[in-house]
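Structure assessment
These are the residues of each chain, in order.
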Amino acid sequence: SHAAIKIQPMRQFFSSGHTNNWAVLVCTSRFWFNYRHVANTLSVYRSVKRLGIPDSHIVLMLADDMACNHRNPKPATVFSHKNMELNVYGDDVEVDYRGYEVTVENFLRVLTGRLPPSTPRSKRLLSDDRSNILIYLTGHGGNGFLKFQDSEEISNVELADAFEQMWQKRRYNELLFIIDTCQGASMYERFYSPNLMALASSQVGEDSLSHQPDLAIGVHLMDRYTFYLLEFLEDIHPSSKANMNDLFKVCPKSQCVSTPGHRTDLFLRDPGSALITDFFGSVRKVEITMETINLTEPIHFVNEERQKETYSYVDQLPVSEIIHQKPKQKDWHPPDGFILGLWTLILLVFFKTYGMKHLKHIF
Amino acid sequence: SLCKSVIYGIITYRRRGQLAALSIAAVVIIVGVPLWWRTTETYRAWLPVSQINELSNLQLQLSAEVEVVFARGTVTPEQQKKVPLTQIQDEEHTVDEDTALRYRYETKYRTATIMEEDALNQPTAAEADLSLHTLSESPCGSLVVYVIPESSSLLPEDMDVYVGQRRTALLRIGAQMRVGKTLDQLLAHLEPRIKQVLQVMSFSHTDISAALSDRVRLSPGNKESIADSMRTFKSSPGYEITFSLLNPDPKSHRLHWDIEGAVQTYIQPLLTKLASVANFSIDSQTLYYAMLGVNPRFDSSLSAYTLHSDSLAHVINPVEARLGSNAASSNPVLNFLLYVPDAHHSPLYIHDRKKQEVPSNAFHSPRWGGIMVYNVNGFYGPEAVFPVDVNINMAKVMGVFLAQLRLLLGVQSSTAPSGFLVAPCGSNGLADWELDRLMWSRSVENVATATTTITSLAQLLEQIGNIVINDNIAEQVSSAVTSLQLAVAELETGNLRFALQYSKEAILASERAFFDPSLLHLLYFPDDQKFAIYIPLFLPMCVPILLSLLKIVSDARQKRREKQAKKD
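Predicted model, so just to flag it, every value in this text is computed and none were measured.

The next subject is the overall build of chain B. The number of helices and strands found in chain B is 16 helices and 17 strands. Computed over the C-alpha atoms, the radius of gyration of chain B is 37 Å, more than 25% above the 24 Å expected from 2.2 N^0.38 for a compact globule of 568 residues. If you line up chain B on its principal axes, its C-alpha atoms span 125 × 80 × 40 Å. Across chain B, 50 positive and 58 negative side-chain charges occur, with their mean positions spaced 14 Å apart.

For the structure on display, the rule yields 34 salt bridges over all chains. Two residues, Lys234 of chain B and Asp129 of chain A, come together in a salt bridge whose shortest N-O distance is 3.9 Å. Remark: Asp129 of chain A occurs in the loop between helix 3 (104-112) and strand 4 (131-138) and Lys234 of chain B occurs in the loop between helix 9 (223-231) and strand 7 (238-247); the pair is interchain, linking two chains. Residue class for Asp129 of chain A comes out buried when judged on its relative accessible area of 5%.

Here the focus is the pairing of strand 7 (residues 152-155) of chain A. Residues and elements named next belong to chain A. Where strand 6 (residues 145-148) and strand 7 come together, four bridges link them in antiparallel fashion. Looking across to strand 7, one finds that Lys147 is bridged to Glu153. Between the antiparallel neighbours strand 6 and strand 7 lie three residues, among them Gln149 with a positive phi of about 60 degrees.

Turning to the UniProt feature "active site" (unreviewed entry) in chain A, a few remarks are in order. All names here are of chain A. According to UniProt, the "active site" (unreviewed entry) feature falls on His140 and Cys182. The named residues occupy 43 residues along the chain; their greatest pairwise C-alpha distance, 6.4 Å, places them in one compact cluster. Examined against the element boundaries, His140 turns out to sit in the loop between strand 4 and strand 5 (141-142). For His140, a relative accessible area of 25% corresponds to the partly exposed category. Non-local contacts of His140, meaning those with residues more than four positions away in its chain, are made with Thr28, Ser29, Asn34, Arg36, His37, Leu146, Lys147 and Thr181. Here the side chain of His140 touches Asn34 through a polar contact of 2.8 Å, side chain to side chain. Along the polypeptide, Cys182 turns up in the loop between strand 8 (174-180) and strand 9 (196-200). Those residues in contact with Cys182, other than ones at most four positions away along the chain, are Gly141, Gly142, Ser202, Glu206, Asp207 and Ser208.

Rules of the game
Residues numbered from 1 in each chain as written. Chains lettered and ligands numbered in written order. Predicted model: local features only at pLDDT ≥ 70, side-chain atom pairs only at ≥ 80, totals over all residues. Heavy atoms only, no water. Helix = DSSP H or I, 4+ residues; strand = E, 2+ residues; numbered from the N terminus. Rg over C-alpha atoms; globule rule 2.2 N^0.38 Å. Lys, Arg positive; Asp, Glu negative; His and termini not counted. Charge placed at Lys NZ, Arg CZ, Asp CG, Glu CD. Salt bridge = Lys/Arg side-chain N within 4 Å of Asp/Glu carboxyl O. Buried < 20%, exposed > 50% of the residue type's maximum accessible area, 1.4 Å probe, protein only. Pairing = 2+ DSSP bridges. UniProt positions renumbered as here; feature names shortened; annotations may be inferred. Contact = heavy atoms within 4.5 Å. Polar contact = N/O pair within 3.5 Å; in protein donor to acceptor, adjacent residues only side chain to side chain.

Have a look at this one:
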């Protein structure tokens, strides 16, 4: 007879509605003196991995390579505490977007999912409607924008639109947005999609300050907000019950000099009921398998002569698509000097018509 | 030179200046402005916006056909003459302001043929089911319910309904219908019971509303339905299934598992039957020195190691980092892990919350997969020479994995109502009516998701005027709209297979259109930026033209004044 399934008491299920966790960690600055931004991102990456999110669910974007930078006196390391106490680079860092790949376009493509078909799985954000996503941005910012790579910027309107597109396609269950830049609170002002919670290291008009320089390395190692955030996260372990209200208290004005801000009006649950591990860790829900199927058939003998097809790694990827990719269509711009030539022509016509002495007729 | 002097004579000096200014102004306005407009506009192919707006209001009708067959002893001979009749019932549900559901049940009543009567005379219900199946096969999406007399011995005493492996059910008529009732009373007695059978074997309102969750965020129903919806994977055109054997102690155990044969015998039949729902790709791997990451506790009363259910949640993460996945596809992955404990921690048992041993020794995680612990310490004695060769009993292992696979794919339904006896699923792991259930909910889910995708895409494209809409996107959108209309129409007529096929096409086309890489809106220009770009280009050019035009107008006015003065 068919055994009925006994559903285990569903205590774990109803505290939050998510079944998996993702993290998108972005460092947007390059150059050696922005060492602290890379260290910020790597320390959040470390904490998130320690609390259980696997590399396959983390999209790490670092705009510059500090560990192997020519100016790094200790190559293959990135330190977050002075006197080189803590190397956050480690042995198993998996950077998904590196160097010049970190652009506003790629960042928005990762969030909205509009990636070319040749993109491998590790570079995609494959979240579903039961995913909780943590997004951490750090770099140089201003009122309403965040600077990428020193040459372009993302505005708060574009970010809010990207989150709305994620919501429309149900790409997240709840989203925690943390930003550590100057005037960071301006970046979450324009959010309008549900289930978003945002934290920023400083208010509009304030600068986020860095924490401490290391005299041997010669640059500032971390930003204050992320430093105290890391200290807070070191006390969190996978079964911890700390909630978001504790996170809001991280780095008060006395320690941070700037005033950290947060926004919870779009979040449907009470922040006190949202655990830190709901976003920073990956605690799986588990059910005991109560029933099995009784299989009595003997195993078929698999024909050994069937040719074993072996695939090499490259065969799995659409190589022809990658190789024969058409170059991106650039927008047509008029040739350089065209506008200058146009002005010259117009001025020549006028001077010819009126003559220099008749300029007073025109003006 | 005569011509020249004539022309020069006709056109005075001042007049030439005025003509020059006017002609430049004319060129700027007639040629320049349209040229600028054309070169800065974005290409937007035509989209069937009106049809998309129609689709945003979703009115779904699901039709199910039921054949109710009266066996001998359930109807009197006079009633038998009236019996061949058909009834149609509609049930309306309004989910929210944009979504409405209608369930249409078409019930055909008839009496059993002689061959069916013979089939029903079998000793057990399972054999009766088998011989009924050999007589005729019901099409996809329909049901046949055989009404058997109260005295029938096919069902045990306390059970009233037997749900077979295909699309038949046996319904025992109630005691109150024993004597002297009219046909109408009989039908009235049967109607709610047949509806109950339909809820189990066909579609129920809870299942369908759960399938609409993409479109409508419903307030939670009962706890079971939420757990079901969180556990099953969302509808996807393909899935990847990975079987992993974890051997943390290769020095002690040399494990042999015939995974290819086991997959071929036990898993492949299920996946072949589900081929109309999704594609499946299977791979397997063996991982050595992969630990569980949780320390089991030694229980001296059982002289075995135990894993409490609270610590099971922390088992998965350390292992997942080592599992790997197919780099090229973005399909959801189902992981099934077989863990053989090391010799020092054998045997290892999983305990539930009540500290009871779990018979399957396995657990699963929603939308992820399952893990089974397989103890091999019973296969060798204490004097064995390590490493020991162990042949894993794949039938037992696959029995667990198959059950977990059914749960994760959404095939397994929640507990049947009381009085229902459900036959175990057949040799291919899936009963026909379970497949029908899955097809109903998948079709509805696909239609709901595709309509949401298309309507939000149309909304997005309308809102942001700067996005380029290429022809291929317009094509995908049109084909998605067509497939959606066809899918809804097929659901109405009850052709389940075609409805699922069209819904799959619709969802593929709509996803391809929504996630096309060319639809990236990076061009957010606030108004002050637009002015900042155009003013340095156009203002220096326009100032002389405007001023000359003004001069022309003031000169003309002056001339008219002079003329007036001359007249006077």
